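# Structure assessment
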Amino acid sequence: MESRVNTVIEEYFRKKVQNDPKIHNANLLVYSEKHNLHLHLAEGSTGEISAHAQQPYYIASVSKLFTSVLIAMLVEKSMCSFDDYISTYLDNDLLHKLHVYKGVDFTSEIKIKHLLNHTSGLYDFMEDKPKKGITIVDSIVNEPSRSWTPRDVLNWAKQHLEPLSPPEKKFHYSDTGYHLLGLTIESIMNKPLDEVFHEYIFEPLEMKHSFLHGSESIEKSDHPVADLYIQNINIIDYQSLSVVYAGGGIVSTNEDLLKFMKALVNYKIIRKETLLKMKADYGRFFLGIDYGYGLMNIKTIPILMPAKFNAWGNAGSTGSFMFYHPGSDAYLIGSFNHFGYGQKGIRFMLQLINKIQKNTND
C-alpha cells in the first residue's frame, strides 16, 4: 500500500507542475510515520539548474506561524501577554495615525492577539488596493532596486490604505499586523528579528538552512534559493523583495519545516495549553477555515468540508503550505513559488490528504 500511495502522490505532483506554465519550480514533502511515508520531491528548475528536494525557498505567509510561535514562547516566559496593547512596545512615531477609522483613532486599542488573528481592523499592505497610485506588489515588480525596511512598509500603508473596522469587530487578513508583530518582538528582545528566530527556533531545532530575508542560515545550502515569481516575473534577485518580513520573509527547506512542525505538534517548543489557545481564539478566514494565532484550522463543514480533511498549519500566497493532518498522522509541506497561488496550494494539499486516505489502510 505504501508504494502505491507514493506513486499516486508523486505522479499527481509532477503532473500538476508540468501542466501549469506558470509553475516554474515546486517542492513537496509528505511524511507519515503511521503509513511509512517520507516523500521528498522537486520539479522544475531555478535558472538552468533543476529543482532539488533540498532546495531552500521563500515560505511566504507560512512565516506567520513562526512569528506567532515566537510570540507564544515570549508569553510562556512572561515577557509579554497576548492581551497586551501594542502601544506598550512600539514608539509613538510608528503608531501615529496607524488606525484611524471613520475619524476615530483606534490605535491605542490594538492588542497583540488582534494582530495574530487578523482582527485588528488594519489594512493589508500586500493585498489591499490603495485609493491612489499602484499596489505594493506592483512596486516590487516596477521598482526592483528599491529597498524597504519594515517601517518604510508601514509608513507606505498608513499613507495609502484605510482601516476596515475597529479592533475585534471584523476579520481582515493583514500582513501589516505581522510587520507590527515583528517590531514588537524586536522591542521586547532588544535585538533584530532574524537573531530571535535563530536563537529561539532555528538553532534549537537544528533548522540549519532556514533564515529571515536579509540574513543567513546556520549552514550554507548546496543549492540556490528557488526562483520566486510575481505575475510570471522572477523576482528572486529583486531588492524590492525586502518588503517581506515577519509575515512572509522566511526562507527554509522542506526538511527544516518538518522539524519545526513536528516540534509544534508534539509540544516541544510551546505547551499544549498555549497551542490550544492559539487555535481557539480565531476569526473566519474562509468557509471551513478558521484563523487563530498565526495558524489556519481546517474544520468540518457538512457536505462542503468533511471531517476527513481536518488539518491545521498555515499557507501562503505563493502556493506554500505546511499542515499537519491528525487523521493520517501526516505532515504536508511544499510550495509552487508563484504569488497568486494561495488557494491553489491549499486545494492541492487537501487533495493530498484525499489521496493518502484512499490509498492506505487505516
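An account of the accompanying structure is given in this report. Note that the structure is predicted; figures quoted are calculated from it, not measured. (Residues numbered from 1 in each chain as written. Predicted model: local features only at pLDDT ≥ 70, side-chain atom pairs only at ≥ 80, totals over all residues. Heavy atoms only, no water.)

Moving on: the sheet that holds strand β15 (residues 321-325). Pairing between the strands of a sheet comes from backbone hydrogen bonds, and it takes one of two forms, parallel or antiparallel. Spatial strand order, β3-β2-β1-β16-β15-β14-β13-β12-β11: 9 strands in an open sheet with antiparallel pairing. The two strands at the open ends of the sheet, each matched to only one other strand, are β3 (49-50) and β11 (283-286). Summarising the sheet, strand β2 (residues 37-46) and β3 pair through 2 bridges and their orientation is antiparallel. From the neighbouring strand, Thr-46 faces β3, where its bridge partner is Ile-49. Helix-sheet contacts for helix α2 (residues 63-76) involve β12 (289-291), β14 (311-315) and β15, and the interaxial angle to β14 is about 110°. (Pairing = 2+ DSSP bridges. Helix = DSSP H or I, 4+ residues; strand = E, 2+ residues; numbered from the N terminus. Contact = heavy atoms within 4.5 Å. Axes fitted to C-alpha atoms, helices over the stretch in contact; angles between N-to-C directions.)

A separate point is unusual backbone geometry. Residue Lys-97 is not a glycine yet carries a positive backbone phi of 55°. In this structure, Lys-97 sits in the loop between α3 (92-95) and β5 (100-101). For Asp-329, which is not glycine, the phi torsion reads 50° and is therefore positive. Along the chain, Asp-329 turns up in the loop between β15 and β16 (330-335).

This part covers the sheet that holds strand β4 (residues 57-58). Spatially, 3 strands are ordered β4-β10-β7 in an open sheet, and the strand pairing comes out antiparallel. At either end of the open sheet lies a strand with only one pairing partner, and these are β4 and β7 (211-212). Relative to strand β10 (residues 250-252), β4 runs antiparallel, the two sharing 2 bridges. Opposite Tyr-57, over in β10, you have Ser-252 as the bridge partner.

Another point: the pattern of salt bridges. Evaluation of the coordinates by the stated rule reveals 13 salt bridges. Its salt-bridge partner being Lys-64, residue Asp-175 comes within 2.6 Å of it at the nearest N-O pair. Taken together, the residues Asp-175 in helix α7 (residues 175-189) and Lys-64 in helix α2 connect sequence positions 111 residues apart. Judged by relative accessible area, Asp-175 falls into the buried class, the value being 8%. Given a relative accessible area of 0%, Lys-64 falls into the buried group. Two residues, Arg-151 and Asp-91, come together in a salt bridge whose shortest N-O distance is 2.4 Å. Of this pair, Arg-151 sits in helix α6 (residues 150-160) while Asp-91 sits in the loop between α2 and α3; the two residues are 60 residues apart in sequence, bridging distant segments of the chain. (Salt bridge = Lys/Arg side-chain N within 4 Å of Asp/Glu carboxyl O. Buried < 20%, exposed > 50% of the residue type's maximum accessible area, 1.4 Å probe, protein only.)

In terms of burial, helix α8 (residues 193-202) is largely enclosed, as 7 of its 10 residues are buried. Looking at the buried positions of α8, the neighbouring elements they touch are α2, α7, β7, β10 and α9 (254-265).

All right, on to the packing of α6 against α7 then. Contact geometry of α6 with α7 gives a least axis separation of 10 Å together with a crossing angle of 140°. The handedness of the crossing between α6 and α7 comes out as left-handed. Between α6 and α7, the residues in contact are Pro-150, Arg-151, Val-153, Leu-154 and Ala-157 and Thr-176, His-179, Leu-180 and Leu-183, respectively. Classifying every residue of the contact of α6 with α7 by side-chain character gives 6 nonpolar, 2 polar and 1 charged. (Left-handed = near helix turned anticlockwise from the far one by under 90°. Nonpolar A, V, L, I, M, F, W, Y, C, P; charged D, E, K, R; others polar.)

These figures come from the coordinates and say nothing about function on their own.
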